[in-house]
Amino acid sequence: MALETRVYQKENNINLAKLLKESVTAIYSSRFLARQLATRDIKAQYRQSYLGVFWAFVMPLATAFVWIFLNNSGTVQLTDTGIPYPLYAFSGTLLWSILTDSIDSPTASTNGARSILSKINFPKEALIISGIYKLLFTTSIKILLLLVFVFIYGVGFHWSLLLFPLAILGAIIIGTTIGLFLTPIGILYTDIGRIVKFGMQFVMYVTPVVYAIPKEGIMKTLMELNPLTPVILTGRDLIVGHTPEHLGYFLLVLGCCIPLGILSLLFYKISIPIIVERLSA
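Computed from a predicted model, the values in this text were never measured in an experiment. (Residues numbered from 1 in each chain as written. Predicted model: local features only at pLDDT ≥ 70, side-chain atom pairs only at ≥ 80, totals over all residues. Heavy atoms only, no water.)

Notes on the packing of aromatic side chains
Piece 1. Summed over all chains, the structure comprises 7 aromatic pairs.
Piece 2. Where F65 meets F90, the ring centres are 5.3 Å apart and the plane angle is 85°; that geometry is what we call edge-to-face. Linking F65 in helix α3 (residues 58-72) with F90 in helix α4 (residues 85-112), this pair joins segments that are 25 residues apart in sequence.
Piece 3. Accessibility expressed as a relative area gives 2% for F90, which makes it buried.
Piece 4. Its end group placed over the ring of F122, K124 keeps NZ or CZ at 5.0 Å from the ring centre. (Phe/Tyr/Trp six-rings, centres within 6.5 Å; stacked < 30°, edge-to-face > 60°. Helix = DSSP H or I, 4+ residues; strand = E, 2+ residues; numbered from the N terminus. Buried < 20%, exposed > 50% of the residue type's maximum accessible area, 1.4 Å probe, protein only. Lys NZ or Arg CZ within 6 Å of the ring centre and 35° of its normal.)

A look at the confidence of the model for the protein
Piece 1. On average, the protein scores 84 in pLDDT, and the residues at 70 or more come to 91%.
Piece 2. Per-element confidence in the protein is highest for helix α10 (residues 229-240), whose mean pLDDT is 92, and lowest for helix α5 (residues 114-117), whose mean pLDDT is 78. (pLDDT = per-residue confidence, 0-100.)

Describing the nonpolar core
Piece 1. Grouped together as the largest cluster of nonpolar side chains are 47 residues, with contacts concentrated most on Y85, W96, F164, I174 and I239.
Piece 2. For this core, the elements supplying multiple residues, two or more each, are α3, α4, α6 (125-152), α7 (164-188), α8 (191-204), α10 and α11 (247-280).
Piece 3. Among the elements that make up this core, the one with the highest residue count is α4 (11 residues).
Piece 4. Those residues in contact with I174 that sit more than four places away from it in its chain are L228, V231, F250, V253, L254 and C257. (Core = buried A, V, L, I, M, F, W, Y, C linked by side-chain atoms within 4.5 Å. Contact = heavy atoms within 4.5 Å.)

Here we look at the state of the cysteines
Piece 1. Evaluated as defined, the whole model comprises 0 disulfides.
Piece 2. With no disulfide of its own, C257 lies 7.1 Å from the sulfur of C256, the closest cysteine sulfur.
Piece 3. Residue C257 is classed as buried on the basis of its relative accessible area, which comes to 9%. (Disulfide = S-S within 2.5 Å.)

Quick notes on a nonpolar patch on the surface
Piece 1. Together, F151, F157, W159 and L162 give the surface a local cluster of nonpolar side chains, amounting to about 530 Å² of exposed area.
Piece 2. Structurally, F151 can be placed in helix α6.
Piece 3. Judged by relative accessible area, F151 falls into the partly exposed class, the value being 48%. (Patch = residues over 30% accessible without salt bridge, like charges linked within 9 Å, V, L, I, M, F, W, Y side chains within 5 Å. Areas by Shrake-Rupley, 256 points an atom, 1.4 Å probe, with all protein chains shown as cover. Salt bridge = Lys/Arg side-chain N within 4 Å of Asp/Glu carboxyl O.)

Considering the side chain of T138
Piece 1. Note on placement: T138 falls in helix α6.
Piece 2. What makes T138 buried here is its relative accessible area of 14%.
Piece 3. From its side chain, T138 meets the backbone oxygen of L135 in a polar contact 3.1 Å long. (Polar contact = N/O pair within 3.5 Å; in protein donor to acceptor, adjacent residues only side chain to side chain.)

Re the packing of α4 against α8
Piece 1. Closest axis-to-axis distance for the α4/α8 pair is 12 Å, and the angle between their directions is 150°. Compared by their axis directions, α4 and α8 come out roughly antiparallel. Crossing handedness for the pair α4 and α8: right-handed. Of α8, the residues touching α4 (which contributes W96, T100, I103 and D104) are V196, K197, M200, V203 and M204.
Piece 2. Its residues assigned to classes, the contact of α4 with α8 shows 6 nonpolar, 1 polar and 2 charged. (Axes fitted to C-alpha atoms, helices over the stretch in contact; angles between N-to-C directions. Parallel < 35°, antiparallel > 145°, perpendicular 65-115°, else oblique. Left-handed = near helix turned anticlockwise from the far one by under 90°. Nonpolar A, V, L, I, M, F, W, Y, C, P; charged D, E, K, R; others polar.)

Considering α10
Piece 1. Helix length check: α10 (12 residues) gives 17 Å between terminal C-alpha atoms against 16 Å at 1.5 Å per residue, within 8%.
Piece 2. Most of α10 sits inside the fold, with 12 of its 12 residues counted as buried.
Piece 3. After α10 finishes, the residue G241 shows a positive phi value of roughly 85°. (Expected span 1.5 Å × (residues − 1).)

Details of the packing of α4 against α6
Piece 1. Interaxial distance between α4 and α6 falls to 9 Å at its minimum, and their mutual angle equals 170°. By the angle between their axes, α4 is roughly antiparallel relative to α6. Listed contacts from α6 to L87, F90, S91, L94, S97, I98, D101, S102, S105, S109 and T110 of α4 are L127, G131, I132, K134, L135, T139, K142, L145, L146, F149 and V150.
Piece 2. Residues belonging to the contact of α4 with α6 are distributed by class as follows: 11 nonpolar, 8 polar and 3 charged.

Here we look at the environment of I132
Piece 1. Within the secondary structure, I132 is located in helix α6.
Piece 2. With relative accessibility at 23%, the residue I132 sits in the partly exposed group.
Piece 3. Note: C-alpha distance between I132 and Q77 (55 residues apart in sequence) is 38 Å.

Considering the environment of I274
Piece 1. Turning to its location among the elements, I274 is positioned in helix α11.
Piece 2. Along the backbone, I274 and P184 are 90 residues apart, and their C-alpha atoms lie at a distance of 9.6 Å.

Some words on the pattern of salt bridges
Piece 1. Under the counting rule described, the total for this entry stands at 6 salt bridges.
Piece 2. In this structure, R40 and D41 form a salt bridge, with 2.8 Å as the shortest nitrogen-oxygen distance.
Piece 3. Here D41 falls in the partly exposed class, since its relative accessible area comes to 22%.
Piece 4. Note that D41 and K134 form a salt bridge whose closest N and O atoms lie 3.0 Å from each other. Here the residue D41 occupies a position in helix α2 (residues 31-47), and K134 occupies one in helix α6, the gap between them amounting to 93 residues.
Piece 5. On the accessibility criterion, K134 (19% relative accessible area) is buried.
Piece 6. Put simply, R40, D41 and K134 are held in one network by salt bridges that share partners.

Structure, rendered in C-alpha cells:
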C-alpha cells in the first residue's frame, strides 16, 4: 500500500482583522497592568526629585520665557499675535510639549520595559496604554497651568474652553500615531530617539508655537502646509476663546491619523516580538 505524503508549509498570510481584534482585546485585558506600570513609573520619576512635578512643565516654560524676553527687549521683532504675547508663547510651548511628549511616549515606555520584555510574557500593548496614562498625568498639570495663564491675562472663562480637552485628545492621538511608527526602529537603534528630538526642535520653528504665521514668504507656505500647525492653532484658539480658523485642517489631520493609528498599532504588535527575540539572542 502506497504511503500518503503530506507537506506542511508555514502560513505566511497575515490576517490584519484578526491582529486588530487581538490588539484591542489585549488593550482591554491589560488595562490594570498598564495602570500599575504607569503608577510605578510616575512615583519612581518624582520620588527623589525635590521639585517633583515642576519638571513636567519647566522646559516649555523656560522656552516661553526666553522668547518673551527676546520680544520685550526688542532683540526679536515678532508680528502681532492678536492676544497678549506671554499668553501666546506659554500656550504654544505647553501645547507643543504635549505633542512632542506624545510622540516620545511609546518609545520611552517600551524602552523602559526592556528588562522584562524577554523575561515575562504579557500583552505588549500594556506599554502603550501605560505611556498614555503617564502622558495624561503630565498633560493635566500643563492644562491647569495654562488655565492659570488664561485668567491672569484677562481672557477669563468662555464656552470654547469646554472643547479644549478634545483638541488635546486630538494632539495626543496624532503624536502617539507618529510615535508608534517610530518605536520599533527606536528600540533597535537608540540614535533614532535622539534624531527625532533634535529634528523636532527645527520643526517647532516652522510651526506657530512662539510666533504667528507670517503674512507672506516661504515661511508662510511651510507653516501652512505643516500638519502640526492646525494642532497648535486649534488648541490655542479654543483656550483663548477665538473661532478656530484651522479647524477643518485639524480634523483632516486627525481623520488621517485614525487609520494610520490602527496601522501603527498593528506594526507595533507584529514587530515588537521579533525585535525582543533579536535583542535577547
